[in-house]
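# Architecture and fold: a report
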Amino acid sequence: MAAGPELDKGYEPSRVEPRWAKEWEERGYFHADDESDKPPYCIILPPPNVTGSLHLGHALTATLEDALIRWKRMSGFNALWMPGIDHAGIATQMVVERELQKSERKSRHDLGREEFLRRVWSWKEAQGDRIAVQHRALGASLDWDRLRFTMDEQSSRAVREAFVRLYEDGLLYRALRLINWCVKDGTALSDLEVDHDEGVKSELYKFAYPLADGSGEIVVATTRVETMLGDTAVAVHPDDERYRAMIGKKVRHPILGREFPIIADAELVDPKFGTGAVKVTPGHSFEDFDTGKRHSLPLINILNPDGTLNANAGPFQGQDRIKVRPALKARLAELGLERGTEAHTMALGKCQRCGNIVEPLLSKQWFVKTKPLAAKVIEHVDEIHFVPETWRAEFLRWMNNIHDWTVSRQLWWGHQIPAWYCEYGHVTVARERPIDCDECHSGNLRQDPDVLDTWFSSGLWPFSTFGWPDDTPALRTFYPNSVMETGFDILFFWVARMAMLGLHFMGKVPFGVVFLHAMVRDEKGEKMSKTRGNVIDPLDITARHGADALRFTLASMAGQGRDIKLGVGRIEGYRAFANKIWNAARFVLMNAEGYDPRAQPASVYDRWILSRFQRCADETRKALDEFRISDAANGIYKFVWNELCDWAIELAKPALYGEKSAAERAGAQASLLTALEGSLRLLHPFMPFVTEEVWQRLPNREGPSIMIAPFPGPRPELIDERAEREMDVIARAIDGARSVRGEVALPPNQRVPLVLFAKDSALFRRHERAFKHLANASEVSLSSFDAPRPKGAAVHVEPEVEVHLPLANLIDFASEKARVEKEIARVDAELEGIRRRLDNQGFVERAPKDVVEEHRARAEELQGKREKLARHLARVTSVEDGMEDKNPQQPQGTQPAAQTGSSELADRARETFEAAREAVAPMAEKMAAAMTEAGEVLAQKAAEAGGVMATKAAEVKAAVARRIAAARRPKKAAAKKPARKAVARKAAPKKALKKAAKKGGRKVAKARKPAKRKGKR
Ligand SMILES: [Zn+2]
Ligand SMILES: [Zn+2]
């Protein structure tokens, strides 16, 4: 590993990242011990599908989990990030089937089960590592030695064990039930695997069933006319007068000739809907199934597994269940039974995987009895902390309304169900293939051909990965896991199942924290998809901008509720951040000659940056503790970019360049290196690569790698309130000078003199160089606060100081004024156009949401610009007119009397006041210090004394005011002091706001409607 003080000119992630990813893994840093004196910390990676290719969802998961794991590892934990890969039942089977079709023009049935499974395994051996390799490129510090596959022998054994135990406990059964069936994939689906398209436009088709006794007809309405081939009743509401006489009569099926009854059912029938008479198809509708049970109606299945109609459909046998509709309607029309149609919207259940319409189908399947399992979870739910907290209610709601879980799938790839049947239909459930039937001892056994839902094996993952059912050291150390971090979209699929199975088999909830992250969408909030062409490929981004930039982007945006709107621009911005760190380090190292690690901070700048660093470290730890990952990332970013790079390094330059004492140089070197080295450790969990690469060059690093260096802990001795207060004043004044320069459009390299009118001149004199250097001042002169102001100057006002930029000879006022006026007119015109459109209700309603949003944003932007220009124009005008200090931020009528041609008397009055004020000021400061240090009593006394002082000061002030007023009637010169104080007071809350903004508030995700529900169509 190349290490040394020299850094290349630019930072090139592609040269650094793969090298460190490999090095860390080879050095064994990712490895956690089964047994350790350190406290355990464990996160299980949601096992990505073996068919998967790394997408932004994976990248977000990896970013958040790796940040937590690296932070904990650096904080002295035995941190395990457990890798795994899911066999992904149906997805994998489909991939291999497609390849088989393409290369050999064969279906899996042509090969037979055994040969097909052999092909899937060899596909897995060849392709199955892709997703693991891709995670390595992100710098994911997974304990790869432990990599597990959900169909490896250990996991398969756990699955069989769990199945048998649930069966023995009466929590697993086989039954003939109506289930969701995908005709395309030929398998049962669980409720969760069905997506419900709401608001699908369809038609309500009406037709008549003739009464069997020839006394008339009854008209029913349906959206799925083909199901009439399986009808076994017509239901009406018992209170519906229209049909009361028909209840108990029979209708004759016009196509099949069967006869069935008209029944009364208050639960199924809404008399106001359709015709008030409902056809009942217990074999093909969940609601009708329940109705059928209530009335002991026969169940007729009209479908083959592939979606074609079976023999029960009579003349329509063999046709597809949806394509048959026109023919069926034509037949009904021919029979004179059509009674019109109505437009109708409904919910349509579709297969989550293939998009085909899901059919309720009568089928014998295996089910997990979930109610008792869920009851246990509900009982223990307080042991799980949800982040964000809002998910807890949804989790509970789902647990409270849970349905039995269909776990069998009619696939070949997966865990084959450990149940065997003899020729008499007896069932033997066993861990290994039994010798004979449990009941009749027949040796003629056939294993259930179905496999288990993929989520069955992943539901066991928090403990099956550690050797369960054996009692292993790893299981004792890492169960329960510390945090389950995953996307909110699999809360019910996975988190809920882990909670149920974990509690049942291990007696404890599987994790203390469920941390659910948002979905990554494109800049406009649209789902990324190949068809939309808006997919951002994380591997492409990593290759171009580095994994660090991608990771930091995702971390910094993770707090945005349920959607993360990601654009490439933001990623480029964080690549620039990596560069900034690189360049800052380069500069510090170039000026580190003679660095003495024992050197003490020598200037207020040194004490300030160390204090700021420590605060950032404390806030980062707190944010991470509370899973506010984005707050942590953004806090470090602000500190490193703004305070360390933009301020501390600039402020230290005179000392580093030897323009000050040797002690100050040593102090500056030491404090910058301390802050830089510490910042790298803070940043490491988010940007592992650039931090390691830079850290290796620092003379003050300790240990072989930043990855195993300690995370910055509390060091209260570095906090220096006084230095922070002082620098706050100076930074605001310098920022003010800079913004005035910007507003009057001074060229960046144009040096101008600065005149400071300060209350505490000594303070500002100490920072003269900072003003020169950071506000690009040619010279800095200091005046007492009440000295006359220069003419023709632009001003920035802070409570402690006024910053004047005399511009008289520097800009051409006339042409500048003309330019600004023209610009304002242009902004006004555009603004008016936009406002007119926004005022137009039609536009706001019809235009796409994002267009309206863009308009609003642009209007706001223009408004801000206009205000700036107006301020600038006011400055230019006042300066040009030679008027006195007409600072727009200062209320009218507050000009000091001194500036309007002070009389001798006024001067003396001011001097008297100033003397009085200055006499009071140091004492007040001392008292403030005493108040913070001393106890209750002293504080009380000091306050009393302060009160006396304040009264005295007020008396002096009043006396001065009276004298001035007397001398200079009618002008109200005495108004000066209080008015100025008002400005100071007004400025203070702004500062407080800024501080509050710095702290930042995390956006709390707003709860939305539950994701999915079973529905009738
Ligand atoms: Zn499907
Ligand atoms: Zn038997």
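Look up a bit, the structure's there.
Everything in this summary refers to the structure shown in the same document. These numbers were taken from a predicted model, which means no experiment stands behind them.

Glancing now at unusual backbone geometry. The omega angle of the peptide bond from V387 to P388 is -5°, so this bond is cis rather than trans. One can find P388 in the loop between strand 15 (385–387) and helix 11 (391–400). A cis amide bond, omega -5°, links Y479 with the succeeding residue P480. Considering the arrangement of structural elements, one finds P480 in the loop between helix 14 (473–478) and strand 22 (481–487). Its identity as a non-glycine residue notwithstanding, H441 has a phi of 60°, on the positive side.

What follows covers the pattern of salt bridges. Scanning the model with the defined rule gives 72 salt bridges in all. The partner of E104 in a salt bridge is K106, and the shortest N-O contact between them spans 3.9 Å. Among the salt bridges present, the one from R119 reaches E115, with a minimum N-O distance of 2.9 Å. Linking R119 with E115, this pair stays in helix 5 (residues 113–127), spanning four residues, or about one helical turn. Of the residues examined, R119 reaches a relative accessible area of 22% and is grouped as partly exposed. For E115, a relative accessible area of 25% translates into the label partly exposed.

Reading across from one edge, 6-5-14-16 is the order of the four strands in this open sheet, with antiparallel pairing throughout. Bordering the open sheet on either side are strand 6 (187–189) and strand 16 (405–406), each of which pairs with just one other strand. As defined by bridge partners, strand 5 (residues 172–182) adjoins strand 14 (residues 359–368) across 10 bridges and the pair is classed as antiparallel. Across the sheet, L176 pairs through a bridge with K364, a residue of strand 14.

Glancing now at the nonpolar core. In this structure, L566, F686, F764 and F771 are the most contacted members of the largest nonpolar core, which totals 152 residues. A per-element tally of this core places helix 20 (residues 629–656) first, with 15 residues. Beyond its immediate stretch of four places on either side in the chain, L566 contacts L56, V520, R521, D522, E523, M528, I536, T553, L554, M557 and I571.

Thresholds applied
- Residues numbered from 1 in each chain as written.
- Chains lettered and ligands numbered in written order.
- Predicted model: local features only at pLDDT ≥ 70, side-chain atom pairs only at ≥ 80, totals over all residues.
- Heavy atoms only, no water.
- Helix = DSSP H or I, 4+ residues; strand = E, 2+ residues; numbered from the N terminus.
- Salt bridge = Lys/Arg side-chain N within 4 Å of Asp/Glu carboxyl O.
- Buried < 20%, exposed > 50% of the residue type's maximum accessible area, 1.4 Å probe, protein only.
- Pairing = 2+ DSSP bridges.
- Core = buried A, V, L, I, M, F, W, Y, C linked by side-chain atoms within 4.5 Å.
- Contact = heavy atoms within 4.5 Å.

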